[in-house]
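What follows is each chain in one-letter form.
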Amino acid sequence: MSACHAGDVIAQLNGDDILIESVEAGSDDVIVVKKVGIWGGWMRIINVNGTVSGRPEYLLPVSATTDLTVDLGDGNDTVEIQDNLTFRNVFINVGAEQGSTRDSDTVLVDALTY
């Protein structure tokens, strides 16, 4: 049984583009992205096993013209997108090398619109 190793992920907004990136090699991050409030307009990013840009959670604005990019890097990571969020495009790089047994990632999406 291997120990869970979690690290920091970085969340940043560049124009209409949101990037969530695992920055610690081999970390086992569990990233949850969910809508804030019933009307939306903002999303909350949580790293259950670590931090987001040094904080327990991070808030960023989101709209129908927002692109979301998630780069998990290596490690056994999970990303979960919840709560009817709307993005223009979603890109998820699980960071797995072909034939690798060290990298087992999970992607969960609930009611995503684009």
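Parameters and conventions
Residues numbered from 1 in each chain as written. Predicted model: local features only at pLDDT ≥ 70, side-chain atom pairs only at ≥ 80, totals over all residues. Heavy atoms only, no water. Pairing = 2+ DSSP bridges. Helix = DSSP H or I, 4+ residues; strand = E, 2+ residues; numbered from the N terminus. Axes fitted to C-alpha atoms, helices over the stretch in contact; angles between N-to-C directions. Contact = heavy atoms within 4.5 Å. Salt bridge = Lys/Arg side-chain N within 4 Å of Asp/Glu carboxyl O. Buried < 20%, exposed > 50% of the residue type's maximum accessible area, 1.4 Å probe, protein only.

**Q** So what's going on with the sheet that holds strand E3 (residues 30-35)? Residues and values would help.
**A** Pairing is mixed in the open sheet, where five strands are placed in the order E6-E4-E3-E8-E10. For this open sheet the edge positions go to strand E6 (57-61) and strand E10 (106-109), each flanked by a neighbour on one side alone. Across the sheet, the axes of successive neighbouring strands diverge by a mean angle of 15 degrees, strand direction being ignored. Both E3 and strand E4 (residues 42-47) contribute to a ladder of five bridges, which runs antiparallel. Residue pairing in the sheet places Ile31 in a bridge with Asn47 of E4.

**Q** Lay out the sheet that holds strand E2 (residues 17-22) with the relevant residues and their values.
**A** If you walk across this open sheet you meet the five strands as E5-E1-E2-E7-E9, and the pairing is mixed. Where the open sheet ends on each side, the last strands, each with one partner, are strand E5 (51-52) and strand E9 (89-93). With five bridges connecting them, E2 and strand E7 (residues 67-71) associate as parallel partners. Bridge pairing in E7 places Asp17 opposite Asp67.

**Q** Quick one: what's the story with the environment of Pro61, residue by residue and with numbers?
**A** Positionally, Pro61 belongs in strand E6. Each C-alpha atom of the pair Pro61 and Met43 lies 6.1 Å from the other, and the pair is 18 residues apart in sequence. Beyond its immediate sequence surroundings of up to four residues, Pro61 is in contact with Leu13, Ile18, Gly41 and Trp42.

**Q** Would you mind going over the pairing of E7 in detail, with residue names and values included?
**A** Bridge count between E7 and E9: five bridges; the pairing is parallel. Pairing of Leu68 across the sheet is with Val90, part of E9.

**Q** Explain the pattern of salt bridges residue by residue, including any values.
**A** Under the criterion given, the structure shown has two salt bridges. Close ionic contact of Glu57 with Arg44 constitutes a salt bridge, the shortest N to O distance being 3.0 Å. Of this pair, Glu57 sits in strand E6 while Arg44 sits in strand E4, placing them 13 residues apart in sequence. Residue classification places Glu57 among the partly exposed residues on the basis of a relative accessible area of 35%. Accessibility expressed as a relative area gives 23% for Arg44, which makes it partly exposed.

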